[in-house]
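# Analysis of the macromolecular model
This is what each chain is made of:
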Amino acid sequence: MTPRLTSTAGLPPLLACLGLLALWELAARVFQISGLPPAHEALRQLPALLADREALFNIADSVRRMAIGFGLALLLAVPVGLLMGRSRLIAAFFNPLLMIIYPVPKAALMPIIMLWLGVGDASKTLVIFLGVSLPVIYHSYQGARAVEEKMLWSAAAMGMRPLQRLVRIVLPAALPEVFVGIRTGLVLALITMVTSEMIARQAGVGNILFNSLDMALYDTVYAMIVIIGGLGFILDLLFERLRAWLVAWAEPVHQIAVGTS
Amino acid sequence: MIAIEGLSKSFETARRSSHTALADISLNVAAGEFVSILGPSGCGKSTLLYIVGGFVPPTEGTVAVNGKPVTGPGPDRGPVFQEFALFPWKTVLGNVMYGLLERGMARSKAEERARALIGLVHLKGYEHFYPKELSGGMKQRVAIARTLAYGPSILLMDEPFGALDAHTRTGLQNELLDIWERDRKTVLFVTHSVEEAVFLSDRVVVLTRSPGRIKQTVAIGLSRPRRRAQLLVDRRYQTLVVDIERLMDAPEEAP
């Protein structure tokens, strides 16, 4: 890469965003649909939304649920995935379960979960938890499975017991792959956060979004979509920073092998 | 020191048939002896090493180290693998210290010992490098230092220089002999290179192709310390290499 390109790393994504806004504005003006207000009208709602106590409370409420669901999912999914990767018996037990659950859209489970847990926090958090768990389990499993046997043997020769090896060898060795799963999980957390609120509306981002939709306040709807997108962008950016810092020692995960080093 | 008695190993293959990798291996290795296991690829020579290490159980037979039967891995037997198997999230220093901290040594003392070993394998200045930043030869030096650190009385070396280029390989062979001359640990060294086996060893055990049986054991009577430049023009060295190569090529007698 030339120095000129690296010095303007922020430019291409900025151009992409501006291009998208321009397309949106143009489409709104050409098609004149009430459901598609021009970009500038929607964006004008942003400061109002972000300054509104009620709206901020809703956003914070969503993010809180997402954080709890996401956190609980990591606590469960990482150990389960790692154990599956190192024990054929545990993998044989969990694999069919995961195969069944994975393709089911988690939001589709929402009505059933609401029958058990009501329309409150518990249902929405559980849906987020399910959405996040699966990719994290899957990638932790793959990561743990790929840990070099000889690395574990080296640790065993030093006197390390199997459980210690799981925590102190398998976990760090699999961490780059685990993070791939967590990143996917983060995106899914955001998606399930919104869809869960679409079905059980009380408070939250989805609540504002879908209530505005019902009331045909389309500029607010689009402003909310922009806010959700922005939230995802910021979370992903923060996560990538954290990841780069924690696994700086790792070879790039998607490395193309050319020759030997 | 190492007593291997009637050892056999069979695997279940994917097609559910049984494959015998090693058959009826009996071998004694004395304390301080450098013994190489030499054989064609697929003869189970690495498997033999893994069984002595306690990483893989034998199908039949026993291995005892200092009179005690081997039931699992232990810090008395330090492995060095062809794949290096370094901990990639640890620096050079962290890797070499790992076993020492694991054995309960105080951090400051462990670091002191690790730094000395890093000097011994000529990696001074690389203490804070991560494995991905090192060449293959440097990685293997770290792996050797990491294993030497916790003071195993036996080194189990599984084609340690097999993944390295010829130049690095001979360099590391020389360094290994220098290190070995200092305290003459017992070494079991697996290789498919005849020159390497003859250059390093007191005894070379030649295995047959699958299943691996002991074809012949050859004593290498060359004096120590050995210098490569002298050995290469030494008639006895040349004869040993040629004889063992012939031995490996010779058709196998039916058992």
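Residues numbered from 1 in each chain as written. Chains lettered and ligands numbered in written order. Predicted model: local features only at pLDDT ≥ 70, side-chain atom pairs only at ≥ 80, totals over all residues. Heavy atoms only, no water.

### Observations concerning the overall build of chain A
Which entries qualify depends on this criterion: Helical segments are the DSSP runs of H or I of at least four residues, strand segments are the runs of E of at least two, and each set is numbered from the N terminus. Only protein chains enter the area calculation, which uses a 1.4 Å probe; residues under 20% of their type maximum are buried, those over 50% are exposed, and those in between are partly exposed. The contact rule is simple, with two residues in contact once any of their heavy atoms fall within 4.5 Å. In short, Shrake-Rupley with a 1.4 Å probe defines the accessible areas, and a residue's cover is counted only from the protein chains shown.
From N to C terminus, chain A includes 11 helices and 0 strands. Shown N-terminal to C-terminal, the secondary structure of chain A runs as helices and strands in the order α-α-α-α-α-α-α-α-α-α-α. Projected onto the principal axes, the alpha-carbon positions of chain A cover approximately 70 × 60 × 30 Å. Looking at chain A residue by residue over its 261 residues, the buried ones come to 41%. Long-range contacts, defined here as pairs at least 24 residues apart, represent 72% of the contacts in chain A between residues at least 6 apart. When the accessible surface of chain A is summed, it comes to about 14,600 Å², and 72% of that surface belongs to carbon and sulfur atoms.

### A few points about the pairing of strand β6 (residues 77-81) of chain B
Residue and element names in this part refer to chain B. We apply this condition: In this analysis, strands are considered paired if DSSP registers two or more bridges between them.
Where burial is concerned, most of β6 is hidden: 5 out of the 5 residues are buried. For β6 and strand β7 (residues 154-158), the ladder comprises 5 bridges, and the chain directions are parallel. The partner of Pro79 across the bridge, within β7, is Leu156.

### Some details on the sheet that holds strand β10 (residues 214-219) of chain B
Residues and elements named next belong to chain B. The following threshold applies: Each axis is a line fitted through C-alpha atoms, taken for helices only over the stretch in contact, and angles between the N-to-C directions span 0 to 180 degrees.
One open sheet accounts for 6 strands, arranged β6-β7-β8-β3-β9-β10; its pairing is mixed. The open sheet is flanked by β6 and β10, the only strands paired with a single partner. Ignoring strand direction, the axes of neighbouring strands in this sheet form an average angle of 15 degrees. Those strands touched by helix α4 (residues 136-149) are β6 and β7, and its axis lies near 175 degrees from that of β6. This element, helix α8 (residues 235-249), spans β3 (34-38), β9 (203-207) and β10 of the sheet and lies at about 175 degrees to β10.

### Some points on a nonpolar patch on the surface
Residues and elements named next belong to chain A. The condition is simple: Note that patches include only residues with greater than 30% relative accessible area and no salt bridge, and the join distances are 9 Å for like charges and 5 Å for nonpolar side chains (Val, Leu, Ile, Met, Phe, Trp, Tyr). Salt bridges are identified by distance alone: a Lys or Arg side-chain nitrogen within 4 Å of an Asp or Glu carboxyl oxygen.
A cluster of nonpolar side chains, contributed by Leu23, Leu26, Val30, Phe31 and Ile33, occupies part of the molecular surface with about 540 Å² of accessible area. By secondary structure assignment, the location of Leu26 is in helix α2 (residues 11-31). By relative accessible area, Leu26 is classed as exposed at 54%.

### Topic: the nonpolar core
Put simply, the test is: In plain words, nonpolar cores are sets of buried Ala, Val, Leu, Ile, Met, Phe, Trp, Tyr and Cys residues tied together by side-chain atoms within 4.5 Å.
The biggest cluster of nonpolar side chains holds 87 residues, and the ones touching the most others in it are Ile169(A), Ile4(B) and Leu188(B). Counting residues per element, this core draws most heavily on helix α9 (residues 162-199) of chain A, at 12 residues. When residues no more than four places from it in sequence are discounted, the contact partners of Ile169(A) are Met151(A), Leu152(A), Ala155(A), Met160(A), Gln164(A), Phe87(B), Trp89(B) and Tyr98(B). Core analysis: the second largest hydrophobic core is formed by 51 residues, Leu123(B), Leu172(B), Trp180(B) and Ala197(B) among them.

Keep in mind that these numbers describe shape and distance, not what the molecule does.
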